[in-house]
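Overview (structure and organization)
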Amino acid sequence: MPIYECYSRKGLLTEAAQQQIAKEITTIHCAATGAPPSFVNVMFMEIPAGRSFVAGQPSTRSVIAANIRAGRDLKTRQGMLRALSEMWTRLSGQSEADLVIGLNDIPSENVKEAGLIFPQPGHEQQWFDENRATLTELGWTTA
Amino acid sequence: MPIYECYSRKGLLTEAAQQQIAKEITTIHCAATGAPPSFVNVMFMEIPAGRSFVAGQPSTRSVIAANIRAGRDLKTRQGMLRALSEMWTRLSGQSEADLVIGLNDIPSENVKEAGLIFPQPGHEQQWFDENRATLTELGWTTA
Amino acid sequence: MPIYECYSRKGLLTEAAQQQIAKEITTIHCAATGAPPSFVNVMFMEIPAGRSFVAGQPSTRSVIAANIRAGRDLKTRQGMLRALSEMWTRLSGQSEADLVIGLNDIPSENVKEAGLIFPQPGHEQQWFDENRATLTELGWTTA
């Protein structure tokens, strides 16, 4: 966690644009939450023409649907929304009218990563410390 | 928001059927909630044969997974479930046994659309009024 | 419900592996929750190379994103996470470092299946009893 799923029309984003967006989502998420980059998963889903609709009409609107850990305060979440929107319009060439972002809060206790139950937001460092041997063995670092 | 994701087996729905379903989902959602049609996003995902299972066996059951804004009352949500189920069986040709619908509640404060943080349910008109200049510039209307 | 969506890189899982994973997810879910197997939906999504990122770099990490009914206790949910992780590493050949699992709680009242509003966890048998005629007609059984 988080898991960011980016839905956009087939052909909108080059591979280079996808990687750049993935990098910036990671930066935005980590700056806002303090989570380490190795927690941040980003996936891109292409929607073929004719498979997406707004108001019942064919649409090329993009969607960022993210599952994040519950417990971030309002200011943090809204700062993330603003930064993600600015980033997407800059890198995709779409206007803000062509983007919807939704953040779905998932309780930490419902998440498992690297074979470990996930830490509560703000307890990542303690979690890393307690599980350092396992995490090091798995090749994870706090960076 | 909302974002309706419709998963069905490859080939079940013609393009015309997808558009008709998108139109009727929009009508159902707006009638139930008072939200304007330009808020309603519908995407169709085709599942290739052999990729979907029920009880561990290959299945052609369809899934409608919707992210909607939190705050609708029980009667509204259950009315939406009934209307969506009736619509799907009529337009897809599948029986009710072949459909699962789940509504996931997302807090309005976690949603950004058209560059704006999303309004609480029932405050759409006030939100449109306060942001009319931006929305008009973006080509949005209350209709 | 539940709906388990398994995202993995294109080619990781054979069709036989997908069916085996679907069977074991069904067994794990039913053993943990008492739900009947015919409630358990599993879908597999292949992610083409270059479409998935971790820490901003291309990744082959897999994701299991499940929508389950709200109301299961902590022990049940964490037991499910452990069993799912063990199963995935055994059948996919991936290490635990290459898997994220997230469980999203959906209120029963927001779910419709087989044309019926979904039962609360623990009330499946009562729901089956009350709706036996409809369920039998639809070909459902409590097994």
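You'll find the structure just up there.
Model, not experiment: these values are computed from the prediction.

What counts and how
- Residues numbered from 1 in each chain as written.
- Chains lettered and ligands numbered in written order.
- Predicted model: local features only at pLDDT ≥ 70, side-chain atom pairs only at ≥ 80, totals over all residues.
- Heavy atoms only, no water.
- Helix = DSSP H or I, 4+ residues; strand = E, 2+ residues; numbered from the N terminus.
- Buried < 20%, exposed > 50% of the residue type's maximum accessible area, 1.4 Å probe, protein only.
- Areas by Shrake-Rupley, 256 points an atom, 1.4 Å probe, with all protein chains shown as cover.
- Lys, Arg positive; Asp, Glu negative; His and termini not counted.
- Charge placed at Lys NZ, Arg CZ, Asp CG, Glu CD.
- Pairing = 2+ DSSP bridges.
- Contact = heavy atoms within 4.5 Å.
- Axes fitted to C-alpha atoms, helices over the stretch in contact; angles between N-to-C directions.
- Buried area = accessible area lost by both parts, 1.4 Å probe.
- Salt bridge = Lys/Arg side-chain N within 4 Å of Asp/Glu carboxyl O.
- Polar contact = N/O pair within 3.5 Å; in protein donor to acceptor, adjacent residues only side chain to side chain.
- Least-squares fit on C-alpha atoms with pLDDT ≥ 70 in both.
- Core = buried A, V, L, I, M, F, W, Y, C linked by side-chain atoms within 4.5 Å.
- Parallel < 35°, antiparallel > 145°, perpendicular 65-115°, else oblique.
- Left-handed = near helix turned anticlockwise from the far one by under 90°.
- Nonpolar A, V, L, I, M, F, W, Y, C, P; charged D, E, K, R; others polar.

A look at the overall build of chain A
Counting its secondary structure elements, chain A contains four helices and eight strands. Along chain A, from the amino end to the carboxyl end, the secondary structure elements read β-α-β-β-β-β-α-β-β-β-α-α. When the backbone C-alpha atoms are referred to their principal axes, chain A occupies close to 50 × 30 × 25 Å. Here chain A holds 143 residues, and the buried ones make up 58% of them. Accessible area of chain A: about 5500 Å², with a carbon and sulfur share of 50%. The centroid of the 13 positive side-chain charges in chain A is displaced by 5 Å from the centroid of its 15 negative side-chain charges.

A look at the sheet that holds strand 1 (residues 3-9) of chain A
Taken in spatial order, the eight strands line up as 8(B)-7(B)-6(A)-5(A)-1(A)-2(A)-3(C)-4(C) in an open sheet, and their pairing is mixed. This sheet does not close on itself; its edge strands, each paired only once, are strand 8 (116-117) of chain B together with strand 4 (57-58) of chain C. The pairing of strand 6 (residues 99-106) of chain A with strand 7 (residues 111-113) of chain B spans three bridges and is classified as antiparallel. Note on strand 7 of chain B: the bridge partner recorded for Val100 of chain A is Glu113 of chain B. Its contacts with the sheet put helix 1 (residues 15-33) of chain A on strand 1, strand 2 (41-47) and strand 5 (62-69) of chain A together with strand 3 (52-54) and strand 4 of chain C, and the angle it makes with strand 2 of chain A is roughly 140 degrees. Set on the sheet, helix 2 (residues 74-92) of chain A makes contact with strand 1, strand 5 and strand 6 of chain A together with strand 7 and strand 8 of chain B; between it and strand 6 of chain A the angle comes to about 145 degrees.

Brief notes about the interface of chain C and chain A
If you look at the interface, chain C gives 28 residues, while chain A gives 31 residues. For the pair chain C and chain A, the summed buried surface comes to about 2500 Å²; carbon and sulfur atoms form 53% of the total. The interface formed by chain C and chain A contains four salt bridges. In this structure, the salt-bridge partner of Arg77 of chain C is Glu109 of chain A, at a minimum N-O distance of 2.6 Å. Our enumeration of links across chain C and chain A arrives at 18 residue pairs in polar contact (both at pLDDT 80 or more). For the side of chain C that touches chain A, the elements supplying multiple residues, two or more each, are strand 3, strand 4, helix 2 (74-92) and strand 6 (99-106) of chain C. In terms of residue count, the dominant contributor to the side of chain C that touches chain A is strand 6 of chain C (seven residues).

Observations concerning the relation of the copies chain C and chain A
Take chain C, turn it by 120 degrees, move it 0.0 Å along the axis, and it overlays chain A with an RMSD of 0.0 Å. The operation mapping one copy onto its partner corresponds to a three-fold rotation axis. Distance from the rotation axis, computed per C-alpha, reaches its smallest value in chain C at Asn104 of chain C: 5.1 Å.

Considering the relation of the copies chain B and chain A
When chain B is fitted to chain A, the best match, at an RMSD of 0.0 Å, comes from turning it 120 degrees and sliding it 0.0 Å along the axis. Residue by residue, only 6% of the interface of chain B is reproduced at the interface of chain A, so the copies engage with different surfaces.

Some words on the nonpolar core
Among the nonpolar cores identified, the biggest contains 57 residues, and Tyr7 and Met43 of chain A, Tyr7 and Met43 of chain B together with Tyr7 and Met43 of chain C are the most heavily contacted of them. In contact with Tyr7 of chain B, not counting residues within four places along its chain, are Tyr7 of chain A, Met45, Ile47, Ser62, Val63 and Ala65 of chain B together with Glu5, Tyr7, Met43 and Met45 of chain C.

Section: the pattern of salt bridges
By the definition in use, this model includes 24 salt bridges over all chains. For the salt bridge of Arg61 of chain B with Glu113 of chain C, the shortest nitrogen-to-oxygen distance reads 2.6 Å. On the criterion of chain membership, the pair formed by Arg61 of chain B in the loop between strand 4 (57-58) and strand 5 (62-69) and Glu113 of chain C in strand 7 (residues 111-113) is interchain, its members lying in two chains. The class for Arg61 of chain B is buried, based on a relative accessible area of 10%. Three or more residues are tied together by salt bridges with common partners; here these are Lys10 and Glu46 of chain A together with Arg51 of chain C.

Describing the pairing of strand 5 of chain B
All names here are of chain B. The buried fraction of strand 5 amounts to eight of the eight residues, a majority that puts the element mostly inside the structure. Here strand 1 (residues 3-9) pairs with strand 5 via five bridges, running antiparallel. What sits directly across from Tyr7, in strand 5, is Val63.

As for the packing of helix 1 (residues 15-33) of chain B against helix 2 (residues 74-92) of chain B
Residues and elements named next belong to chain B. Where helix 1 meets helix 2, the axes come as close as 10 Å, and the angle between the chain directions of the two elements is 160 degrees. Taken together, the axis directions place helix 1 and helix 2 in an arrangement best described as roughly antiparallel. When you trace helix 1 past helix 2, the crossing you get is right-handed. Seen from helix 1, the contacting residues are Gln20, Ile21, Glu24, Ile25, Ile28, His29, Ala32 and Thr33; seen from helix 2, they are Thr76, Met80, Ala83, Leu84, Met87, Trp88, Arg90 and Leu91. The residue makeup of the contact of helix 1 with helix 2, split by class, is 10 nonpolar, four polar and two charged.

Notes on the environment of Cys6 of chain A
All names here are of chain A. The residue Cys6 is located in strand 1 in this model. Accessibility expressed as a relative area gives 0% for Cys6, which makes it buried. Spatially, the C-alpha atom of Cys6 lies 7.4 Å from that of Ser62, the residues being 56 residues apart in sequence. In this structure, Cys6 is in contact with Ile25, Val42, Met43, Phe44, Met45, Val63, Ile64 and Trp88, ignoring residues within four places of it in sequence.

Details of the environment of Thr26 of chain C
By secondary structure assignment, the location of Thr26 of chain C is in helix 1 (residues 15-33). We classify Thr26 of chain C as buried; its relative accessible area is 6%. Along the backbone, Thr26 of chain C and Pro36 of chain C are 10 residues apart, and their C-alpha atoms lie at a distance of 8.9 Å. Look past the residues within four positions of Thr26 of chain C in its chain and what remains in contact with it is Ala55 and Gly56 of chain B together with Pro37 and Val40 of chain C. Within the structure, the side chain of Thr26 of chain C is placed 3.5 Å from the backbone nitrogen of Gly56 of chain B, a separation counted as a polar contact.

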